[in-house]
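Results of the structural survey
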Amino acid sequence: MTYDLVVIGSGPGGYVCAIRAAQLGLKTAVIEKDKTFGGTCLNVGCIPSKALLHASHMLSEAQYGLEHLGVIVSPPKLDLALMMQHKQQTVDANVNGVAFLFKKNKIDSYHGVGKIESPGRVIVATSEGAPQILETKNIVIATGSSPASLRDASGAEIVKDEKIILSSTGALALEAVPEKLIIIGAGVIGLELGSVWRRLGSEVIIIEYLDRILTGFDAEVASRFQKILEKQGLIFKLSSKVTNVSKTKKGAIVTLAAVDGSSQETLSADAVLIATGRTPFTDQLGLDEIGVSMERGRILIDDHFATNLKGIYAIGDVVRGPMLAHKAEDEGIALAEILAGQAGHVNYDVIPSVVYTTPEVAAIGLTEEEAKSQEIPIAVGKFPFSANGRARAMRETDGLVKIIAHAVTDRVLGVHIIGAGAGELIAEAAVLMEFSGSSEDLARICHAHPTLSEAVREAALAVARRALHI
């Protein structure tokens, strides 16, 4: 078969790229090594984790939150099997949706491992029958990422069995609630899955090499967020390095030491989640053989997503930038438009990040630390949700909105939110920043009352020290 475009990988970057290319008239095919479409995000990442986060939050609300609203229920109980069934139904609906969209847009799909033999030629190896050869004008690599490994003090990789020693994949599929769960890594994945299992009854201990959680987020926001999570029962051991993880008859033993060498400790647990990040997945693509340039595991691209070989492109987790599904989607759209002769573009300064805990954390643009390190003069406005009428009515008063604006031009450079619905509220900041808006622009926009979004407006007012409700 001959195509205008062959996309390797059907995660958010790959499937969106394929759909947009087909919309623009390019004859398109997608190669997926797994039996289902959607990649990590839809199958064992974003979607199933959000299903469990929501379900576990509902359980926690029934246990601790409803009585204060005058809603009295019998003591709720957990049916983990049914909760996992909800998770799978959510996954299936999304995966089947992608399959439908491929058919709707007349995109051919191949299940197997795609290997690039040369520019313009891809071989699809399947478990059944002879390999299929696809000829194409353009190839897009959108193969995503896989969980990062962790090594012990001797340098040996700690093997995940997905029963006791887990990656995020195993942590989303436990058949029983572990009495004690140790999580290595206080990033987004560790905090989200730690929140799930803490709500379901686990004692959760999170070990982090750095002296703070959520590296890359605004330091003030991360510090406030840690205190909120500690009130929820999560235990943090910061500035700690894991030197060994070993399985026992009943679970696992984790040995850790203070980064400064001052102490060492041994902890036991029913399960251990290694959540130390993700690495680009480029195995079996044949990139070394054909000479695609790479650096530290990532594929090197130019500003138009092109590799050093003509007709071969890459997007998403395998290239530079944050490993976020929506970043991959935007790159996929932009690249499809470029290949169709249009002017695709991604604004990397305006890509939001969200932690889907309770409360949520959302951020976009520069942190206060980044602005200061770049010697940018800034004005900062803050507004707490405890002063917002809707948040009080919802009993969701933890958190704040923090806006960072240029002290001279007033252009908004960054917005950081801890609070209910933060992942939705950050979209307002994204629109504002995409059009180079100022805090004054946001402060002058009428917001419905009572809404959580009023806290965003009040933070914009606070940049000029004129917030109305504090």
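Structure shown above.
Reference entry: report on the structure contained in this document. None of the values given here were measured: they were computed from a predicted structure. (Residues numbered from 1 in each chain as written. Predicted model: local features only at pLDDT ≥ 70, side-chain atom pairs only at ≥ 80, totals over all residues. Heavy atoms only, no water.)

Further remarks concern the pattern of salt bridges. A full pass over the atoms with the stated rule returns 19 salt bridges. Of the charged contacts in the structure, one is a salt bridge between Lys382 and Glu220, with a shortest N-O distance of 2.8 Å. Residue Lys382 is located in strand β22 (residues 378-384), and its partner Glu220 is located in helix α7 (residues 219-231); the two are separated by 162 residues in the primary sequence. Each of Asp218, Glu220, Arg224, Glu368, Lys372, Lys382 and Lys402 takes part in salt bridges that share partners, so that together they form one network. (Salt bridge = Lys/Arg side-chain N within 4 Å of Asp/Glu carboxyl O. Helix = DSSP H or I, 4+ residues; strand = E, 2+ residues; numbered from the N terminus.)

Once that is clear, we can look at the sheet that holds strand β23 (residues 400-406). An order of β20-β21-β24-β23-β22 is seen for the five strands of this open sheet, with the pairing classed as antiparallel. The sheet is open, and its two edges are formed by β20 (353-355) and β22, each paired on a single side. Recorded for the sheet is a direction-independent mean angle of 10° between the axes of neighbouring strands. Sheet analysis places strand β21 (residues 360-365) next to strand β24 (residues 412-419), joined by six bridges and oriented antiparallel. Directly across from Ala362, in β24, lies its bridge partner Ile417. (Pairing = 2+ DSSP bridges. Axes fitted to C-alpha atoms, helices over the stretch in contact; angles between N-to-C directions.)

This part is about the side chain of Glu396. Within the secondary structure, Glu396 is located in the loop between α11 (389-394) and β23. The contacts of Glu396, once residues within four sequence positions are left out, are Phe385, Ala391 and Ala420. (Contact = heavy atoms within 4.5 Å.)

Under the defined criterion, the tally for this structure stands at one cavity of 30 Å³ or more. By volume, the largest cavity is sized at about 40 Å³. Taken together, Pro147, Ser167, Ser168, Ile189, Ile274, Ala275, Gly277 and Arg278 make up the lining of the largest cavity. Classifying every residue of the lining of the largest cavity by side-chain character gives four nonpolar, three polar and one charged. (1 Å grid on protein atoms, 1.4 Å probe; cavity = no way out; pocket = protein on both sides within 12 Å on 5 of 7 lines; lining within 4 Å. Points joined across faces, edges and corners; volume = space filled by probe spheres on them. Nonpolar A, V, L, I, M, F, W, Y, C, P; charged D, E, K, R; others polar.)

When its volume is computed, the second largest pocket comes out at roughly 760 Å³. If you trace the second largest pocket, you find 25 residues lining it, with Ser60, Glu61, Tyr64, Gln232 and Thr358 closest to the centre. Mapped onto the lining of the second largest pocket, the elements with two or more residues apiece are α3 (46-65), α6 (188-199) and α7. The dominant element in the lining of the second largest pocket, judged by the number of residues it contributes, is α3, at seven residues. Tallied by class, residues from the lining of the second largest pocket come to eight nonpolar, 10 polar and seven charged.

Once that is clear, we can look at α6. If you check α6, its first and last C-alpha atoms are 17 Å apart, about what 12 residues at 1.5 Å a residue would give, namely 16 Å. Counted residue by residue, α6 has nine buried out of 12 residues, so it is predominantly covered. Those residues of α6 that fall on the buried side of the exposure criterion are Gly190, Leu191, Glu192, Leu193, Gly194, Ser195, Val196, Trp197 and Arg199. Where α6 terminates, the next one or two residues include Gly201, which has phi positive at roughly 120°. (Expected span 1.5 Å × (residues − 1). Buried < 20%, exposed > 50% of the residue type's maximum accessible area, 1.4 Å probe, protein only.)

This next bit is on the sheet that holds strand β15 (residues 271-274). Strand order in the open sheet formed by five strands is β8-β15-β9-β10-β11, with parallel pairing between adjacent strands. Single-partner strands in this sheet number two, and they are β8 (165-166) and β11 (235-237). Of the strand pairs in this sheet, β8 and β15 are connected by two bridges, and their pairing is parallel. Residue pairing for β15: Leu166 is matched across the bridge by Leu273.

Everything listed is a geometric property; what it means functionally is a separate question.
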